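Listed below, chain by chain, are the residues.
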Amino acid sequence: MTRQPFAPAERSRVRINGLVLVLGAVLSVAMVAWVGIRFEDAESELAMQREQRRLGDLASLLSVELAAELANLARESPPTTDPPVAESGTWTARVIGGDGRELGLQVRIGELFHVADHLHSADERVFVQPPGAAKFFDLHGLSAGPGVLAALVERGEDTGMLSDEQAQQLGLPAYPAFVSVAAADGGVLGTWRVAVVGSTREEVERDRRGMLRVIIKVVLTGITTVAFGYFAFREFRAQVMARHQLELAEQRRAGEEVLARENRTATMLTLASGVAHEVGTPLGLIRVKAEALRNALQDSPEEQDAKTILGQVDRLRDVVQGFLRVARGSMPEQSRVAPATLAQAVRDLIAHRFQAAEVALQVEVAPEMPDVRVNALLVEHALVNLLVNACDASPRGGQVTLRLRHEHEDVVFEVLDEGEGVREEDRERLLKPFFSRKAQGTGLGLALTNEIARMSRGSVTLATRSPRGAIATLRLPREVP
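Everything numeric here is computed off the predicted structure, so don't read it as measured data.

Reading the values: rules and limits
For every chain, the first residue of the written sequence is number 1, and numbering continues from 1 onward in sequence order. Confidence filtering applies because this is a predicted model: local features only for residues at pLDDT of at least 70, side-chain atom pairs given and counted only at 80 or more, and all residues used for totals across whole chains, interfaces and linings. Water and hydrogen atoms play no part in the side-chain values, which are based on all heavy atoms of the structure. Numbering of helices and strands runs from the N terminus, with a helix taken as a DSSP run of H or I at least four residues long and a strand as a DSSP run of E at least two residues long. Only protein chains enter the accessibility calculation, which uses a 1.4 Å probe; a residue whose area is less than 20% of its type maximum is buried, one above 50% is exposed, and one in between is partly exposed. Only heavy atoms enter the contact rule, under which two residues are in contact if any of them lie within 4.5 Å. Each accessible area is a Shrake-Rupley estimate made with a 1.4 Å probe; only the visible protein chains count as cover when residues are assessed. Counted as salt bridges are all cases of a side-chain nitrogen of Lys or Arg within 4 Å of a carboxyl oxygen of Asp or Glu. Any two strands with at least two DSSP-identified bridges between them are counted as paired. Think of each axis as a best-fit line through the C-alpha atoms, taken over the contacting stretch in the case of a helix, with angles from 0 to 180 degrees between the N-to-C directions. Each helix should span, by expectation, one fewer than its residue count multiplied by 1.5 Å. Among buried residues, the Ala, Val, Leu, Ile, Met, Phe, Trp, Tyr and Cys ones that are joined through side-chain atoms within 4.5 Å form a nonpolar core. Orientation categories follow fixed angle ranges, with anything under 35 degrees roughly parallel, anything over 145 roughly antiparallel, 65 to 115 roughly perpendicular, and all other angles oblique. Each crossing is labelled by how the near helix is turned from the far one, with a counterclockwise turn of less than a right angle marking it left-handed and a clockwise turn marking it right-handed. For this classification, the nonpolar set comprises Ala, Val, Leu, Ile, Met, Phe, Trp, Tyr, Cys and Pro, the charged set comprises Asp, Glu, Lys and Arg, and every other residue, Gly included, is treated as polar. Fitting axes to the seven residues ending at a residue and to the seven starting there, one defines the bend at that residue as the angle between these axes.

## What about the overall build of the protein?
Check the secondary structure of the protein and you find nine helices and 14 strands. Here the protein holds 481 residues, and 38% of them are scored as buried. Long-range contacts, defined here as pairs at least 24 residues apart, represent 64% of the contacts in the protein between residues at least 6 apart. When the accessible surface of the protein is split by element, carbon and sulfur atoms take 55% of a total near 27800 Å².

Structural data, given as structure tokens:
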């Protein structure tokens, strides 16, 4: 099957669905990225808070140890009246003895903590500020930079954050660092302060690894989403293309059916035109002979029979003329008619046929039937065709019912018989020209009836009755007042 291009509407719909699919994929990837970033930020914040609490707890423990060590030094170190000699890594102080004399005391900062060698690490440092000192000193007694820790204490803060440059000044890596300060009461040795500084290098590196994981997840999710969207769009486009091809095939089939139906109708009308032309000459001859017979039988009982023959000849002539007009493409002349009038006229026309077949004909007309606007002769001919078929299908002694009723905006003529019914496979074929189940049928009766219904803006349907028989329905639109 050759692929046909999409119609503009179909092409627009495919594009819109493609854009919606792309937008959905972008939103999905963005949502994954947002959730991942939020999760990593929350984890990072929790890690920072845990590290800050740990440094605060360590500073508090070290201050308690420092206070105990200072108390021991004050009790055990022998004071001297000689001025203490300043040494590197020591702190000297003047204390008042029990006799009121001022005595000198020297404290080695590196000996204040029993685990001094284990407190320092690449990412963590401990500093001490003796009473009255302007700066903090490390556990080896060396000055701690330009006094960033002392400035923190002067502001009255016990926790803080150092910048990359300030952390480097304290001997830590170039990462932000947390600071926790705790005071230690040294008794006669005054109030000391312990500062614990911890680098955030591990937390920052962990955040970077977490962001890298988020990026990898987003990329993988994006690749998966794009691949899924691509195949989904291809499947959707294939379905649309298949549906489009089916619609085109259905349109071609419908067009072929319409063309075939029009060809059959044209053939039928051509035959009808030929039949009407051939019938016209005998009818003219019959009329001439009937007029002569009527003139010869004036004032006799047989004169009425001659008049009946003339009436039926005129009727046949009108029907023939109507078929000729239809065959030439002109619409038949229509007028407002009461359905009961049509039923009575048809009954009079077909009564002799039912009498000969010994089949009863019953006419049922619902009250307050609206009028219809049709060509009365053609509709009568259509009803005659339906009644003749019903009579032929009914067994001797059976009954055919012509029922008239009003349904919504339609006037419905129903012909019910007691024959064998209509085969399901023949329901549509019986309304087409040249198809008949009768041994001597021409296949034109129901086809002409269907054409008359179509010209009258109506329809004809065939169905099987339960438990036996068939029902032929002619629907005509009611006349709008």
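## Thoughts on the pattern of salt bridges
Enumeration over the complete set of coordinates arrives at 17 salt bridges. With a closest N to O distance of 2.9 Å, D123 and R201 form a salt bridge. With a gap of 78 residues between them, D123 in the loop between α2 (116-119) and β3 (124-129) and R201 in helix α5 (residues 201-296) connect regions that are remote in the sequence. When its relative accessible area of 29% is taken as the criterion, R201 is described as partly exposed. A salt bridge links R475 to E407, with the shortest nitrogen-to-oxygen separation between them at 2.8 Å. Taken together, the positions of R475 in strand β14 (residues 470-477) and E407 in strand β11 (residues 399-407) put the pair 68 residues apart, joining distant regions of the chain.

## Some remarks on the sheet that holds strand β13 (residues 459-464)
An order of β9-β11-β12-β14-β13 is seen for the five strands of this open sheet, with the pairing classed as mixed. Of all strands in the sheet, those bounded by a partner on one side alone are β9 (360-365) and β13. Put simply, the sheet's adjacent strands are angled 15 degrees from each other on average, direction ignored. Here strand β12 (residues 410-416) pairs with β14 via seven bridges, running antiparallel. Bridge pairing links D410 to P477 in β14.

## Topic: the environment of E414
Mapped onto the elements, E414 comes out in strand β12. Each C-alpha atom, one on E414 and one on T473, is 4.6 Å from the other, the two residues being 59 residues apart in sequence.

## Details of helix α8 (residues 376-393)
Taking 1.5 Å of rise per residue, 18 residues should cover 26 Å, and α8 covers 26 Å from first to last C-alpha, within 8% of that figure. Among the residues of α8, those classed as buried are L378, V379, E380, A382, L383, V384, N385, L386, L387, V388, A390 and C391.

## Brief notes about the nonpolar core
With 36 residues, the main nonpolar core has F354, L387, V400, F413, V415 and L474 as its most contacted residues. Of the residues forming this core, the biggest block, eight residues, is contributed by α8. Here V400 is in contact with F354, V359, A360, L361, Q362, L387, A390, C391, S394, V415, L416 and D417, once residues within four sequence places are set aside. Counting 23 residues, the second-largest nonpolar core is a separate cluster that includes L66, L70, L139 and V194.

## Here's the deal with the packing of helix α7 (residues 339-357) against α8
Here α7 crosses α8 at 30 degrees, and the two axes come no closer than 9 Å. Viewed along their axes, α7 and α8 adopt a mutual orientation that is roughly parallel. The way α7 lies across α8 gives a crossing that is right-handed. The residues of α8 that touch α7, namely those facing L342, A345, V346, L349, I350, R353, F354 and A357, are A376, V379, E380, L383, V384, L387, V388, C391 and D392. Within the contact of α7 with α8, the residues separate by chemical class into 14 nonpolar, no polar and three charged.

## Some details on α7
The end-to-end C-alpha separation of α7 is 26 Å, in line with the 27 Å expected for 19 residues at 1.5 Å each. Remark: the principal bend of α7, roughly 50 degrees, maps to I350. Turning to α7, its buried residues number three or more, namely P339, L342, A343, V346, I350 and F354. Buried positions along α7 lie against β8 (335-337), β9, β10 (372-374), α8, β11 and β12. Just beyond α7, the residue with positive phi is E358, at close to 55 degrees.

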